[in-house]
Amino acid sequence: MAKQLKITWVKSFIGCPETQRATVRSLGFKKLQQSVIKNDCPEIRGQINKVNHLLKVEELD
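Residues numbered from 1 in each chain as written. Predicted model: local features only at pLDDT ≥ 70, side-chain atom pairs only at ≥ 80, totals over all residues. Heavy atoms only, no water.

**A look at the pattern of salt bridges**
So, point 1. Counted by the stated rule, this structure contains five salt bridges.
So, point 2. Among the salt bridges present, the one from Glu59 reaches Arg45, with a minimum N-O distance of 3.1 Å. Here Glu59, found in strand β3 (residues 55–60), pairs with Arg45, found in helix α2 (residues 42–50); they are 14 residues apart in sequence, far enough to count as distant.
So, point 3. For Arg45, a relative accessible area of 29% gives the class partly exposed.
So, point 4. The partner of Glu58 in a salt bridge is Lys56, with the nearest N and O atoms 3.6 Å apart. (Salt bridge = Lys/Arg side-chain N within 4 Å of Asp/Glu carboxyl O. Helix = DSSP H or I, 4+ residues; strand = E, 2+ residues; numbered from the N terminus. Buried < 20%, exposed > 50% of the residue type's maximum accessible area, 1.4 Å probe, protein only.)

This is the structure:
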């Protein structure tokens, strides 16, 4: 089974560039403090690295 990531949006993107806002939305977030579960792949890791100051990431088995 592929590893999964639990990603939680913990900090607002007010004042961030539009590209970072779009990245947060593309990860599937609609509102602050929401969590999503995504498969661990290089594409998702790249998005997380772009906005890591706004997110909390946990690895699931």
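On we go from here.
**A few points about unusual backbone geometry**
So, point 1. Phi at Gln33 takes a positive value of approximately 70°, unusual for a residue other than glycine.
So, point 2. For Gln33, a relative accessible area of 51% translates into the label exposed.

**Some points on the packing of aromatic side chains**
So, point 1. Under the counting rule described, the total for this entry stands at two aromatic pairs.
So, point 2. Judged by centre distance (5.1 Å) and plane angle (25°), the rings of Trp9 and Phe13 are stacked.
So, point 3. In this structure Phe13 comes out as buried when scored by relative accessible area, which is 12%.
So, point 4. Through pairs of rings, three or more aromatic residues link up here, namely Trp9, Phe13 and Phe29. (Phe/Tyr/Trp six-rings, centres within 6.5 Å; stacked < 30°, edge-to-face > 60°.)

**Things to note about the side chain of Thr8**
So, point 1. Mapping Thr8 onto the fold places it in strand β1 (residues 4–9).
So, point 2. A distance of 2.8 Å separates the side chain of Thr8 from the side chain of Ser35, its partner in a polar contact.
So, point 3. For Thr8, the contacting residues outside a window of four places in its chain are Phe29, Gln33, Gln34, Ser35, Leu54, Leu55 and Lys56. (Polar contact = N/O pair within 3.5 Å; in protein donor to acceptor, adjacent residues only side chain to side chain. Contact = heavy atoms within 4.5 Å.)

Read these as layout, nothing more, since geometry by itself doesn't imply function.
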